[in-house]
Amino acid sequence: MLNDDIEKVLITEAEIKYKIHELGGIISNEYSGKDLVMVSVLRGGVIFMADLVRSISIPVTIDFMAISSYGPSTDTSGVVRVLKDLEENINDRHVLIVEDIIDTGLTLSYLLRSLKAREPAGLDVCVLLDKSARRIVDLPIKYKGFDVPDVFVVGYGLDYRQKYRNLPYVGILNKSVYEEEWANL
Ligand code: 5GP
């Protein structure tokens, strides 16, 4: 699907599909015989989660959380508000957090701390995109899809002002999109 607002496709639909198939195989093996709960963070992580669970061949429970950061979106204080908590009790279960992207790592670090307090049997992270250049807190990432450079990406769950989440690939937005918005302010 071509989109005029996209300057460049960074990761194609086929590359994502292949990687998810690979990750699904590894996760199925490593969690075989365990009570696996996969937790996705709304809204960005949902597309990745939906594809990933379908490449997993063992029984799995899925659950969702919604969080929002305090203050403006550019503020990376790491203080987040839980808008929707898990429905599942994760005590003594193997939790795998499924995230779209890790940037500074502040959001995930908060999530990990909050879920760890519930004493799961295991707590690991599976992330599609790793923007490690901007990392502030070091995080244990067990499963990773792709490394991305320090650019703002959209597509495959990731948005710019709630748009572009439905693109089947990950791409870089045209500068004209921001410039138009600024001009209209
Ligand atoms: P962190 O707390 O790791 O800095 O930020 C994680 C969140 O910031 C992600 O879940 C995502 O919502 C947002 N984010 C970080 N980098 C990007 C990006 O390149 N594109 C988009 N659309 N969101 C991003």
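Just above, that's the structure.
Presented here is an overview of the structure given in this document. Nothing here was measured: the structure is a model prediction, and the numbers come from that model.

1. Things to note about the pattern of salt bridges
Inspection of every chain in the model, using the stated rule, returns 15 salt bridges. In this structure, Lys142 engages Asp124 in a salt bridge whose closest nitrogen and oxygen atoms are separated by 3.7 Å. One end of the pair, Lys142, is in the loop between β6 (122-130) and β7 (143-147); the other, Asp124, is in strand β6, with 18 residues separating them in the sequence. For Asp124, a relative accessible area of 22% puts it in the partly exposed group. A single salt-bridge network, built from bridges that share partners, covers Asp130, Arg135, Lys144 and Asp147.

2. Points about the environment of Val170
The topology assignment puts Val170 in strand β9 (residues 170-173). On the accessibility criterion, Val170 (0% relative accessible area) is buried. Spatially, the C-alpha atoms of Val170 and Ile101 are 11 Å apart, while their sequence positions differ by 69 residues. Ignoring any residue separated from it by four or fewer positions in sequence, one finds Val170 in contact with Val9, Leu10, Ile11, Ile16, Leu129, Val153, Val154, Gly155 and Tyr156.

3. Topic: the nonpolar core
Judged by nonpolar contacts, the single largest core of 27 residues is most densely connected at Ile27, Met38, Phe48, Leu52, Leu96, Cys126 and Leu129. Secondary structure elements with two or more residues in this core: α1 (13-30), β2 (36-42), α2 (46-53), β5 (94-102), β6 and β7. The next biggest cluster of nonpolar side chains, apart from the first, holds 18 residues, and it includes Val37, Ile102, Leu112 and Val125.

4. A look at the site of the ligand
What surrounds the ligand is a group of 14 residues, the closest being Thr104, Gly105, Thr107, Val153 and Asp159. A distance of 2.8 Å separates a nitrogen atom of the ligand from a polar atom in the backbone of Asp159. Isolated, the ligand exposes 510 Å² of accessible area, and the fraction of that covered by the protein chains is 81%. Among the elements of the structure, β5 and α3 (106-116) are those that each provide at least two residues to the shell around the ligand. Broken down by element, the residue count for the shell around the ligand peaks at three residues, all from β5. Along the lines of polarity and charge, the residues of the shell around the ligand split into seven nonpolar, three polar and four charged.

Rules behind the numbers
Residues numbered from 1 in each chain as written. Predicted model: local features only at pLDDT ≥ 70, side-chain atom pairs only at ≥ 80, totals over all residues. Heavy atoms only, no water. Salt bridge = Lys/Arg side-chain N within 4 Å of Asp/Glu carboxyl O. Helix = DSSP H or I, 4+ residues; strand = E, 2+ residues; numbered from the N terminus. Buried < 20%, exposed > 50% of the residue type's maximum accessible area, 1.4 Å probe, protein only. Contact = heavy atoms within 4.5 Å. Core = buried A, V, L, I, M, F, W, Y, C linked by side-chain atoms within 4.5 Å. Near = heavy atom within 4 Å. Polar contact = N/O pair within 3.5 Å; in protein donor to acceptor, adjacent residues only side chain to side chain. Areas by Shrake-Rupley, 256 points an atom, 1.4 Å probe, with all protein chains shown as cover. Nonpolar A, V, L, I, M, F, W, Y, C, P; charged D, E, K, R; others polar.

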